[in-house]
Every structure is written in C-alpha cells, then in structure tokens.
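Residue-level structure breakdown
Single-letter residue listing:
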Amino acid sequence: MKEERERIRSFIEIVQWATSANIAYFLHGFCNPKLTRRYASELSEMARVKDRTKQLRRIANQNGQSAYTLTRKTVPTFRYSHDVALRNVLGKLFNQTGLVAVDFKTSADAALGQSYLEMDNGHMDQRQLEHKIVQHYFNGDRPVIFIMRHRDNPTLEDQRKQIIFALSETIFHSRPDKLLAAGYSEFLQHGKFYNRKGEEK
C-alpha cells in the first residue's frame with residue numbers, strides 16, 4: 001500500500017490534480033466501476049493521513065465536481081470533463097511509459113517529453129482544426145498527438161481521427177509523423193496512436 005500511495009502522489013504532483021478514474025488508468029491501464037470505487041476510497045483516506053507533507057486535499061468546483069491535489073486550491077468548472085478526460089489519457093500513457101514531466105502552460109493541452117498532446121472534444125470543424133494546427137504547430141519538429149473525443153457520440157471518434165489524417169496529408173505532406181492521432185475510447189483501450197499511414201507510433 002505504501003508504494004502504491006507514493007505512486008499516486010507522484011502522479012498527482014505531475015498532473016496537478018486527479019480523480020479516482022485517472023488513478024485507475026495510471027496504475028492499471030484501464031478503469032471500471034470497481035476500480036473507481038476502490039481509488040475513491042483510497043484518495044479519501046490519503047486526505048486524512050496525519051503527515052501533512054503527504055496529505056492530499058479534496059477540492060471541488062462550483063458544480064460540486066471534485067478531485068484530489070497536493071497544492072491546487074480549485075478544479076475548473078467549465079473544462080472539468082475535458083480535463084478529467086485529458087488526465088485519463090495521461091494516466092494510460094504513463095502506465096505504459098512511466099512518469100514524465102508535463103507542461104500545461106502551452107498552446108497545447110499538454111506538452112510532455114518531445115511531443116504535444118491535444119484533447120479534442122468534437123466541437124471544432126475541419127476548417128477550425130486546420131487554423132489551429134497551422135497557427136500553433138506549422139513550425140517546429142515536435143509531433144502533435146491528437147486524441148479525438150466526441151462527448152455526445154463516441155462512435156464518431158474515428159471520423160474525427162480521419163480529419164486529422166486528412167489535414168496531415170494537406171499541411172505536412174512530407175512529414176507524416178508530425179500529426180498523430182487516436183480516438184479517445186480507442187486509446188484508453190489499446191494505448192496506441194497512429195500516423196496517417198496507419199503506422200503505430
């Protein structure tokens with residue numbers, strides 16, 4: 001238990017705050033109701049330890065949605081669902097690669113290692129996505145990983161992914177590995193993303 005709690009604290013320190021689902025993806029690479037309940041209980045207990053240097057804090061937004069942190073005072077209200085999904089992806093990724101530093105203060109949703117990570121919610125059309133990509137990522141060599149999520153209909157995630165591949169062909173014709181993509185549900189299940197040629201990266 002001690003080692004697991006240290007891993008949980010390390011993850012939360014890097015991603016700033018986390019929910020029980022985020023922890024499940026990080027520790028196990030998947031999430032289900034049983035794990036969600038298990039880590040909800042574990043996080044609650046970690047918020048009650050006597051050692052204040054190791055004590056988590058439960059924080060909530062205006063809608064009563066909550067998470068656990070070491071240092072933050074609040075969690076976002078408008079972006080809560082988006083940011084929880086982003087941390088699910090980071091948890092899944094770190095389950096496979098180990099922890100790496102994350103920078104949330106970039107034009108991307110997150111910068112980690114030599115890559116940018118973008119969490120798509122399904123609300124931008126192809127023209128808007130193209131404008132965003134050209135504006136922020138045309139220059140430079142760091143790959144951009146788009147995780148394509150559709151809040152209303154997960155079956156549309158693959159269509160969203162194909163938009164990124166089409167833009168990759170148009171904008172980065174000679175650089176097929178500049179834009180990488182995966183559907184949100186697909187990534188949480190398999191932990192893989194691809195270039196427009198279908199090559200796993």
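Before going into details, it helps to say that this report is about the structure given with it. (Residues numbered from 1 in each chain as written. Predicted model: local features only at pLDDT ≥ 70, side-chain atom pairs only at ≥ 80, totals over all residues. Heavy atoms only, no water.)

Focus: the overall build of the protein chain
To be explicit about the condition: The helix count covers DSSP runs of H or I at least four residues long, the strand count covers runs of E at least two residues long, and both are numbered beginning at the N terminus. Here the globule rule is a power law, 2.2 Å times the number of residues to the power 0.38, and the radius of gyration is based on C-alpha atoms. Under the scheme applied here, a residue whose accessible area is under 20% of the maximum for its type counts as buried, over 50% as exposed, and between as partly exposed, the area being computed with a 1.4 Å probe on protein chains only. Residue contacts are defined here by distance: any two heavy atoms, one from each residue, within 4.5 Å place the two residues in contact. To be clear on the numbers: accessible area is Shrake-Rupley with a 1.4 Å probe, and residue cover counts the displayed protein chains and nothing else. Only four residue types enter the charge count, namely Lys and Arg as positive and Asp and Glu as negative; His and the chain termini do not. For the purpose of locating charges, the reference atoms are NZ of Lys, CZ of Arg, CG of Asp and CD of Glu.
The helix and strand tally for the protein chain stands at seven helices and eight strands. In summary, the protein chain has a C-alpha radius of gyration of 17 Å against a globular reference of 17 Å for 201 residues, a match within 12%. With the C-alpha coordinates aligned to their principal axes, the bounding extent of the protein chain is approximately 55 × 30 × 30 Å. Looking at the protein chain as a whole, 47% of its 201 residues are labelled buried. Restricting to contacts in the protein chain with at least 6 residues of sequence separation, those with at least 24 account for 57%. Within the structure as shown, the protein chain displays about 10700 Å² of accessible surface, and the carbon and sulfur contribution to it stands at 47%. Computing the positive centroid from 32 side-chain charges and the negative centroid from 23, the protein chain places the two 7 Å apart.

A look at empty space enclosed by the protein
One way to see where empty space is left: roll a probe the size of a water molecule over the atoms. Spelled out, the test is: Points on a 1 Å grid, built from protein atoms alone, make a cavity when a 1.4 Å probe fits but cannot get out and make a pocket when they are open with protein on both sides within 12 Å along at least 5 of 7 lines; residues with an atom within 4 Å of a point are the lining residues. Grid points are joined across faces, edges and corners, and a volume is the space filled by probe spheres set on the points. Gly is placed with the polar residues, together with every amino acid not listed as nonpolar (Ala, Val, Leu, Ile, Met, Phe, Trp, Tyr, Cys and Pro) or charged (Asp, Glu, Lys and Arg).
Counted according to the given criterion, the structure contains one cavity of 30 Å³ or more. For the largest cavity, the calculated volume is near 30 Å³. Val89, Leu93, Leu117, Ile145, Ile147, Phe187 and Phe193 together form the lining of the largest cavity. Of all the secondary structure elements, the ones that give two or more residues to the lining of the largest cavity are α4 (80-97) and β7 (144-148). By residue class, the composition of the lining of the largest cavity is seven nonpolar, no polar and no charged.

Overview of the packing of aromatic side chains
Just so we agree on the cut-off: Pairing of aromatic side chains requires ring centres within 6.5 Å, counting the rings of Phe and Tyr and the six-membered ring of Trp. Pairs whose planes differ by under 30 degrees are stacked, by over 60 edge-to-face, and all others tilted.
Per the stated rule, a full pass over the model turns up six aromatic pairs. Centre to centre, the rings of Phe187 and Phe193 are 6.1 Å apart; their planes meet at 25°, and the pair counts as stacked. Of the two residues, Phe187 and Phe193, neither departs from the other in class, the shared state being buried. Here the aromatic residues Phe11, Phe26 and Phe94 are joined through ring pairs into a cluster of three or more.

Here's the deal with the side chain of Thr19
The topology assignment puts Thr19 in the loop between β1 (17-18) and α2 (20-28). Residue Thr19 is classed as buried on the basis of its relative accessible area, which comes to 10%. Setting aside residues up to four positions removed in sequence, Thr19 forms contacts with Leu43, Ser66, Ala67, Tyr80 and Val84.

Observations regarding the nonpolar core
Quick note on the threshold: Buried residues of nine kinds, namely Ala, Val, Leu, Ile, Met, Phe, Trp, Tyr and Cys, make up a nonpolar core once their side-chain atoms join them within 4.5 Å.
Ranked by internal contacts, the top residues of the largest apolar core, which has 35 residues, are Ile8, Ile23, Val89, Phe94, Leu112, Leu117 and Ile147. Per element, the largest residue contribution to this core is six residues, and it comes from α4. What Ile147 contacts, discounting residues up to four positions off in sequence, is Val89, Leu117, Glu118, Met119, Asp120, Ala182, Gly183, Tyr184 and Phe187. Core analysis: the next-biggest nonpolar cluster, separate from the first, contains 17 residues, Ile133, Phe146, Ile164 and Tyr194 among them.

Quick notes on α2
Counted residue by residue, α2 has eight buried out of nine residues, so it is predominantly covered. Among the residues of α2, Ser20, Ala21, Asn22, Ile23, Ala24, Tyr25, Phe26 and Leu27 are the ones counted as buried.

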